[in-house]
Amino acid sequence: MEDSNVAARLKTIIEALGLSDSQFADSCSISRPTLSLLLAGKNKKISDIMLSQIHEAFPKVSILWLLFGEGNMFSTEKSDQEGEVKGNENQKFPASPRDEEEQLNLINVKQLENIIQDVVNKSFEAYRSTIENTVLKISEPQSARKVSEITIYYDDFTFETFIPEK
């Protein structure tokens, strides 16, 4: 990984977002001098903490692209209604990263509710099917069994056999 390319890609992201370096640093909770040193090439490495701060502030920014230049600058996994970013079109970001986080949390809660409802429905259907099968087995007429003989053994090693009359 060439660190200078990371700095160049970071500059490209800041420009694409239409932010100044200081606005970007503030949005990501990165100190302005740290970002400035990185962009100027004086800091050669980008830390994991800085990457996570960038990702937290701008989740649509592709960390894979930032680090290695692979794929698109912005991820396109979200639907248009959720603020999808495509290519270098006019980017629309929420007023603050927290707004985006709250929207994503709401989406995750809705997805979780749907998953739970599906599991409940499937479990109910499986349970219902088991009950129906059990009820059918119980309600089936049992073959009428009759006693054919009774043998009684005594402690003196004798026995008697009783056969019912037909």
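Here the structure is a predicted model, which is why all the values come from computation and not from measurement. (Residues numbered from 1 in each chain as written. Predicted model: local features only at pLDDT ≥ 70, side-chain atom pairs only at ≥ 80, totals over all residues. Heavy atoms only, no water.)

1. So, the environment of Asp21
Rules: Helical segments are the DSSP runs of H or I of at least four residues, strand segments are the runs of E of at least two, and each set is numbered from the N terminus. Relative accessibility under 20% of the residue-type maximum defines a buried residue, over 50% an exposed one, and the middle range a partly exposed one, all with a 1.4 Å probe and only protein chains included. For this analysis, residues touch if any pair of their heavy atoms sits within 4.5 Å.
Along the chain, Asp21 turns up in helix α2 (residues 21–28). Residue Asp21 is classed as partly exposed on the basis of its relative accessible area of 43%. Sequence separation between Asp21 and Leu35 is 14 residues; the distance between their C-alpha atoms is 7.6 Å. Ignoring sequence-local partners within four residues, the contact set of Asp21 consists of Ile14, Leu35 and Leu39.

2. Some details on unusual backbone geometry
What you tend to see is this: most non-glycine residues have negative phi, and most peptide bonds are trans. Non-glycine residue Ser29 carries a positive phi angle of around 60°. With a phi angle near 70°, Phe157 is a residue other than glycine that sits in the positive phi range. As for its placement among the helices and strands, Phe157 is situated in the loop between β1 (150–153) and β2 (159–162).

3. So, α2
Which entries qualify depends on this criterion: The arc in question is traced by the directions running from the helix axis to the C-beta atoms.
Phe24, Ala25 and Cys28 are the residues of α2 that are buried. Along the axis of α2, the buried residues cluster in a sector spanning 100°; they form a single face. Looking one or two residues past α2, Ser29 carries a phi angle of roughly 60°, positive in sign.

4. Some details on the packing of α2 against helix α4 (residues 48–57)
Stated formally: For helices, the fitted line uses only the C-alpha atoms of the stretch in contact; every axis is such a line through C-alpha atoms, and the angle between N-to-C directions lies from 0 to 180 degrees. In what follows, roughly perpendicular refers to angles from 65 to 115 degrees, roughly parallel to angles under 35, roughly antiparallel to angles over 145, and oblique to any angle outside these ranges. Under this grouping Gly is polar, as are all residues other than the nonpolar Ala, Val, Leu, Ile, Met, Phe, Trp, Tyr, Cys and Pro and the charged Asp, Glu, Lys and Arg.
Contact geometry for α2 and α4: axes closest at 8 Å, N-to-C directions at 95°. Overall, the two elements α2 and α4 adopt an arrangement that is roughly perpendicular. Here Phe24, Ser27 and Cys28 of α2 come into contact with α4, specifically with Gln53, Ile54 and Ala57. Considered class by class, the residues forming the contact of α2 with α4 number four nonpolar, two polar and no charged.

5. Details of the side chain of Ser62
Tracing the chain through its elements places Ser62 in the loop between α4 and α5 (63–68). Residue Ser62 is classed as buried on the basis of its relative accessible area, which comes to 14%. When sequence neighbours within four positions are dropped, the list of residues in contact with Ser62 reads Glu70, Asn72, Met73, Phe74 and Ser75.

6. Remarks on the pattern of salt bridges
For clarity, the cut-off: Throughout this description, the term salt bridge denotes a Lys or Arg side-chain nitrogen within 4 Å of a carboxyl oxygen of Asp or Glu.
A full pass over the atoms with the stated rule returns one salt bridge. Asp26 is the salt-bridge partner of Arg32, the closest N and O atoms lying 2.5 Å from each other.

7. Focus on the nonpolar core
Filter applied, for reference: What makes a nonpolar core is a set of buried Ala, Val, Leu, Ile, Met, Phe, Trp, Tyr and Cys residues whose side-chain atoms join them at distances within 4.5 Å.
The biggest cluster of nonpolar side chains holds 24 residues, and the ones touching the most others in it are Leu10, Ile13, Phe24, Leu35, Ile46, Ile54 and Leu66. Secondary-structure elements contributing two or more residues to this core are α1 (3–17), α2, α3 (32–40), α4 and α5. Counting residues per element, this core draws most heavily on α1, at five residues.

8. With respect to the packing of α2 against α3
Quick reminder of the rule: Left-handed describes a crossing in which the near helix is turned anticlockwise from the far one by less than a right angle; the clockwise case is right-handed.
α3 packs onto α2 with a crossing angle of 125° between their chain directions and a minimal axis gap of 9 Å. For the element pair α2 / α3, the angle class is oblique. In this structure, the crossing between α2 and α3 has a hand that is right-handed. Counted together, Asp21, Ser22, Phe24, Ala25 and Asp26 of α2 and Arg32, Leu35 and Leu39 of α3 form the full contact between these two elements. By residue class, the composition of the contact of α2 with α3 is four nonpolar, one polar and three charged.

9. Quick look at the packing of aromatic side chains
Stated precisely, the cut-off is as follows: Classification of ring pairs rests on two measures: the distance between centres of Phe, Tyr or Trp rings, Trp counted by its six-membered ring, which must be within 6.5 Å, and the angle between planes, read as stacked under 30 degrees, edge-to-face over 60 and tilted in between.
Per the counting criterion, the structure on display carries two aromatic pairs. Ring geometry for Phe24 against Phe58: centres 5.5 Å apart, planes inclined by 5°, an arrangement best described as stacked. With Phe24 in helix α2 and Phe58 in the loop between α4 and α5, this pair connects stretches of sequence that are 34 residues apart. Ring centres of Tyr153 and Phe159 lie 5.7 Å apart, and the angle between their planes is 45°; on these two criteria the pair is classed as tilted. By relative accessible area, which is 64% here, Tyr153 ends up exposed.

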